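# Notes for the structure review
Each chain is listed here by its residues.
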Amino acid sequence: MASTGLQVLGLVLALLGWVCGALVCAAPLWRVSAFVGGELVIAQVLWEGLWMNCLSQTTGHIQCKTYDSTLALPTSAQVARGLTFLSLLLGVLAVMLGVAGAKCTHCMGDGKQASKARLARIAGVLLIVAGLAYLTPICWTAYATIRDFYDPNIAAPLKRELGPALYLGWGASVLLLLSGALLHVGSSAPGGRVVPVSGAAAKPSPSTGTAGEVKQQEKSFV
């Protein structure tokens, strides 16, 4: 039967993961300027995200600017935008289905537990797909950043380091995957029909009938 505790925990983790994912998608902290030249005085720091980049100066002034053209971005950035946006949409749909299919809610009535469990399992699968879709651009961006950092052919001012948004993105992906697993496991289908005990006891078994005939024959001989 469906476990209410696992379903509620899965929905809470799904909401938390979705909020973290939305923050990571909007934050311009995916990549940060790397300082590998041994400079002691840093005049400015460049932050890069999916939608904008920001320039922070030592005076405390921060200037952000959105990218002028989406088509001018690298293919990896465009794919990362699409996957993160798709993941957030799947997360919203999964949470709605999960709330409708949870055992503790009355959106579909109390007499449709099988349909509600099926909806909750579908929501769990969608959350797992959303977590994988969100994890892909995070891991690819981290890989590309580390690869360029150790590439000797790339100039030092063009090297970048992993931004804090990537670490938060890994956490959001884990939350989405874990919430999907909990919601799917906690929404197992109801058990099959149980045979009434009275009906089973009323029907004599072949062994019982044979034993009765033997006893009756013994009485007749006596």
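Below you will find a few notes about this structure. (Residues numbered from 1 in each chain as written. Predicted model: local features only at pLDDT ≥ 70, side-chain atom pairs only at ≥ 80, totals over all residues. Heavy atoms only, no water.)

### Observations regarding the pairing of strand β4 (residues 62-66)
Formally: Strand pairing follows a simple DSSP-based rule, namely that at least 2 bridges must link the two strands. Secondary structure elements follow DSSP: runs of H or I of four or more residues count as helices, runs of E of two or more count as strands, with numbering from the N terminus.
In this structure, strand β3 (residues 52-57) lies alongside β4, joined through five bridges in antiparallel fashion. Paired with asparagine 53 across the bridge in β4 is lysine 65. Following β3, the chain reverses through four residues before pairing antiparallel with β4; glycine 60 in that reversal takes a positive phi of roughly 95°.

### Focus on the nonpolar core
Note the following rule: Residue types Ala, Val, Leu, Ile, Met, Phe, Trp, Tyr and Cys, when buried and joined through side-chain atoms within 4.5 Å, form a set referred to as a nonpolar core. Here the term buried applies to any residue with accessible area under 20% of the maximum for its type, exposed to any over 50%, and partly exposed to those in between, with areas from a 1.4 Å probe on protein chains only. A contact between two residues is defined here by any heavy atoms of the two lying within 4.5 Å.
Counting residues in hydrophobic clusters, the biggest one holds twelve residues: Leu11, Ala14, Leu90, Ala94, Val95, Ala102, Ala123, Leu126, Leu127, Ala130, Leu176 and Leu183. Of all the elements in the fold, those that place two or more residues in this core are α1 (4-26), α2 (75-101), α3 (113-149) and α4 (164-185). Broken down by element, this core gets its largest block of residues, four residues, from α3. With near-sequence residues (within four places) excluded, alanine 123 lies in contact with Ala94, Leu97, Gly98 and Leu183. Counting residues in each nonpolar core, the second largest holds eleven residues, with Val24, Cys25, Trp30 and Leu88 among its members.

### So, the packing of α1 against α4
Where we set the bar: Only the stretch in contact is used when fitting a helix axis, every axis being a line fitted to C-alpha atoms; angles between N-to-C directions are given from 0 to 180 degrees. Comment on the angle field: the value is read as roughly parallel under 35 degrees, roughly antiparallel over 145, roughly perpendicular from 65 to 115, and oblique elsewhere. Here is the rule for handedness: rotate from the far helix to the near one, and if that takes an anticlockwise turn smaller than a right angle the crossing is left-handed, while a clockwise turn gives right-handed. Side-chain classes follow a simple rule in which Ala, Val, Leu, Ile, Met, Phe, Trp, Tyr, Cys and Pro form the nonpolar group, Asp, Glu, Lys and Arg form the charged group, and the remainder, Gly included, forms the polar group.
Direction vectors running N to C along α1 and α4 enclose 155°, while the axes themselves pass 8 Å from each other. Our classification of the angle between α1 and α4 gives roughly antiparallel. Pair α1 / α4 crosses with left-handed handedness. Taken together, the residues that form the contact of α1 with α4 break down as 18 nonpolar, six polar and no charged.

### A few points about the packing of α1 against α3
Helix-helix packing: each pair is described by the crossing angle between the helix axes and the interaxial distance. Two numbers describe how α1 lies on α3: the axes approach to 12 Å, and their chain directions differ by 30°. Between α1 and α3, the crossing angle belongs to the class labelled roughly parallel. Crossing of α1 over α3 shows left-handed handedness. Packed against α1, whose contacting residues are Gln7, Ala14, Gly21, Val24 and Cys25, the element α3 presents Ala120, Leu127, Tyr134 and Ile138 at the interface.

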